[in-house]
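Fold and geometry: a report
As a plain string of letters, each chain reads:
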Amino acid sequence: MVICHKITFDNGTWNKATSSAAAAAATAPAARRGFAAMNPHYPEPSVPPVPNYKISMSIPEWLHAIQNYMKTLQYNHTGTQFFEIRKMRPLSGLMETAKEMTRESLPIKCLEAVILGIYLTNGQPSIERFPISFKTQFSGNYFHHVVLGIYSNGRYGSLGMSRRSDLMDKPLTFRTLSDLIFDFEDSYKKYLHTVKKVKIGLYVPHEPHSFQPIEWKQLVLNVAKMMRSDLRKELEKYARDLRMKILKPTNAHSPPLERSRGKSLSPRRRQSSPTRRLGRRDKSQMEGPCLQKTEVSIPSSLPALSNKVADLSTLNEVGYQIRI
């Protein structure tokens with residue numbers, strides 16, 4: 001029996017449904033003990049151990065151990081996501097969800113695998129993590145997929161989960177980011193999927209208690225309308241900026257500044273204050289002995305400067321006071 005929140009039940013039907021559920025929950029432990037007595041050799045549900053990094057392990061070996069742990073959890077084919085992942089949630093909250101994944105050991109999907117991969121690779125400064133999202137089209141329908149991009153020791157790879165074995169983890173052997181993206185695109189073509197868009201985020205910080213959310217789409221590429229040469233150029237420029245760590249997360253409340261050629265982003269210098277009318281005290285100071293005894297020698301090669309200094313009143317008008 002399926003209960004939908006849009007259907008109204010009377011009190012009798014509702015009480016019958018709740019009492020049946022309570023009776024089933026009460027007899028569950030006894031049923032489980034009876035099943036164990038009838039099947040003594042039936043193994044208990046196993047909980048896979050969380051991989052631990054060892055000093056003797058190389059980075060590819062550590063990534064391979066993490067991916068094997070995800071495969072042990074298996075891909076979730078039920079159609080229901082067991083863990084709520086809100087992309088705009090702070091990183092600290094997402095890491096708490098990752099801990100819950102390791103405790104429950106339930107099947108996961110691609111988005112949950114990205115969060116779990118970030119959690120398991122925390123504390124490894126030689127490993128940079130960034131999300132890679134794909135939007136594809138097949139038979140008139142659109143599909144979305146996300147993996148965790150990895151950069152370490154000059155090589156690119158990925159971690160993740162998918163129904164297809166060649167659309168999740170990639171070995172840490174790709175020399176450029178564009179080679180990694182093109183390999184995913186070639187894998188999609190095997191299943192008659194057309195890649196429409198690719199979104200790449202920023203490096204995820206290694207601080208598990210950070211309140212900063214993950215930047216999921218710093219770079220958006222319309223793959224369907226671009227040549228591979230143009231894609232490679234954009235991807236390599238973005239990868240270079242990522243390695244130099246000059247990209248900053250965009251603020252949702254203030255759009256990022258766009259710099260055009262020949263223009264500076266620094267604030268403009270304020271204009272000079274309006275000319276102040278000389279008062280009686282200012283005139284008396286100008287007529288004093290200090291300025292009368294002052295001799296200023298200016299080279300003849302600077303006639304414009306000599307004219308300006310000759311008229312000492314202009315120096316006083318912009319707010320300067322000359323004292324000798």
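**Some words on the environment of Leu-116**
Topologically, Leu-116 is positioned in helix α4 (residues 110-120). Take Leu-116: its relative accessible area is 0%, and that puts it in the buried class. Between the C-alpha atoms of Leu-116 and Met-101, which are 15 residues apart in sequence, the distance is 7.6 Å. Those residues in contact with Leu-116 that sit more than four places away from it in its chain are Tyr-69, Met-70, Leu-73, Ala-98, Met-101, Thr-102 and Ile-108.

**Remarks on empty space enclosed by the protein**
If you roll a probe as big as a water molecule over the atoms, it shows you where there is empty space left. The final tally for this structure, using the stated rule, is one cavity of 30 Å³ or more. Roughly 40 Å³ of internal volume is contained in the largest cavity. Surrounding the largest cavity, Ile-181, Phe-182, Glu-185, Val-198, Leu-221, Val-223, Leu-231 and Leu-235 form its lining. Elements with a contribution of two residues or more to the lining of the largest cavity: α5 (177-190) and α6 (228-244). A per-element tally of the lining of the largest cavity places α5 first, with three residues.

**Let's talk about a nonpolar patch on the surface**
Residues Phe-138, Phe-143 and Leu-192 make up a contiguous nonpolar surface patch of roughly 290 Å² in combined accessible area. Along the polypeptide, Phe-143 turns up in strand β2 (residues 141-152).

**What about the pattern of salt bridges?**
Enumeration over the complete set of coordinates arrives at eight salt bridges. The salt bridge involving Asp-183 is made with Lys-170; its shortest N-O contact spans 2.6 Å. Placement of Asp-183 in helix α5 and of Lys-170 in strand β4 (residues 170-174) is noted, with a sequence separation of 13 residues between them. When its relative accessible area of 25% is taken as the criterion, Asp-183 is described as partly exposed. Ionic pairing is found between Asp-179 and Arg-232, a salt bridge with its closest N-O pair at 3.2 Å. Residue Asp-179 is located in helix α5, and its partner Arg-232 is located in helix α6; the two are separated by 53 residues in the primary sequence.

**As for the sheet that holds strand β1 (residues 128-138)**
Hydrogen bonds between backbone groups are what pair the strands of a sheet, and the pairing can be parallel or antiparallel. Reading across the sheet, the six strands line up as β4-β3-β2-β1-β5-β6 and stay open at both edges, with antiparallel pairing between neighbours. The sheet is open, and its two borders are formed by β4 and β6 (219-222), each paired with just one other strand. Averaged over all pairs of adjacent strands, the angle between strand axes in this sheet comes to 25 degrees, irrespective of strand direction. Two strands pair when backbone bridges link them, and β1 and strand β5 (residues 194-200) are joined in this way by six bridges, in the antiparallel orientation. Pairing of Ile-132 across the sheet is with Ile-200, part of β5.

**Topic: a positive patch on the surface**
A surface patch of positive charge is lined by Lys-87, Lys-197, Lys-217 and Lys-225. Its location among the elements puts Lys-217 in the loop between β5 and β6. Note on Lys-217: relative accessible area 53%, which makes it exposed.

**Brief notes about the confidence of the model for the protein chain**
Overall, the predicted model of the protein chain reaches an average pLDDT of 80, with 69% of residues at or above 70. This stretch, residues 283-296, has a pLDDT under 50; its non-local contacts, to residues over four places away or in other chains, come to ten contacts. Confidence drops under a pLDDT of 50 for residues 301-320, and excluding neighbours within four residues, the segment shows 14 contacts in the predicted structure.

**Some words on the environment of Glu-236**
The residue Glu-236 is located in helix α6 in this model. Within polar-contact distance, the side chain of Glu-236 engages the side chain of Ser-178 at 2.7 Å.

**Description of the packing of aromatic side chains**
Applying the stated criterion across every chain, the model contains six aromatic pairs. When the centroid spacing of 6.4 Å and the interplanar angle of 80 degrees are considered together, the rings of Phe-130 and Tyr-156 count as edge-to-face. Within this pair, whereas Phe-130 is found in strand β1, its partner Tyr-156 is found in strand β3 (residues 155-159), the two being separated by 26 residues in sequence. As far as the burial class goes, Phe-130 and Tyr-156 line up, both buried.

**A word on the pairing of β6**
Regular strands place their side chains on alternate faces of the sheet. Residues Leu-219 and Leu-221 line the buried face of β6, whereas the alternating positions Val-220 and Asn-222 sit on a face that is not buried. As defined by bridge partners, β5 adjoins β6 across four bridges and the pair is classed as antiparallel. The residue bridging Lys-197 from the neighbouring strand is Asn-222, located in β6.

**Topic: the nonpolar core**
One finds Ile-108, Ile-115, Leu-116, Ile-118 and Ile-214 to be the most contacted residues of the largest nonpolar core, which totals 36 residues. Every element with two or more residues in this core is listed here: α2 (59-73), α3 (91-104), α4 and β2. At eight residues, the largest contribution of residues to this core is made by α4. Membership of the second largest hydrophobic core comes to 27 residues, among which are Phe-134, Ile-200, Tyr-203 and Leu-221.

Criteria and thresholds
- Residues numbered from 1 in each chain as written.
- Predicted model: local features only at pLDDT ≥ 70, side-chain atom pairs only at ≥ 80, totals over all residues.
- Heavy atoms only, no water.
- Helix = DSSP H or I, 4+ residues; strand = E, 2+ residues; numbered from the N terminus.
- Buried < 20%, exposed > 50% of the residue type's maximum accessible area, 1.4 Å probe, protein only.
- Contact = heavy atoms within 4.5 Å.
- 1 Å grid on protein atoms, 1.4 Å probe; cavity = no way out; pocket = protein on both sides within 12 Å on 5 of 7 lines; lining within 4 Å.
- Points joined across faces, edges and corners; volume = space filled by probe spheres on them.
- Patch = residues over 30% accessible without salt bridge, like charges linked within 9 Å, V, L, I, M, F, W, Y side chains within 5 Å.
- Areas by Shrake-Rupley, 256 points an atom, 1.4 Å probe, with all protein chains shown as cover.
- Salt bridge = Lys/Arg side-chain N within 4 Å of Asp/Glu carboxyl O.
- Pairing = 2+ DSSP bridges.
- Axes fitted to C-alpha atoms, helices over the stretch in contact; angles between N-to-C directions.
- Lys, Arg positive; Asp, Glu negative; His and termini not counted.
- Charge placed at Lys NZ, Arg CZ, Asp CG, Glu CD.
- pLDDT = per-residue confidence, 0-100.
- Polar contact = N/O pair within 3.5 Å; in protein donor to acceptor, adjacent residues only side chain to side chain.
- Phe/Tyr/Trp six-rings, centres within 6.5 Å; stacked < 30°, edge-to-face > 60°.
- Core = buried A, V, L, I, M, F, W, Y, C linked by side-chain atoms within 4.5 Å.

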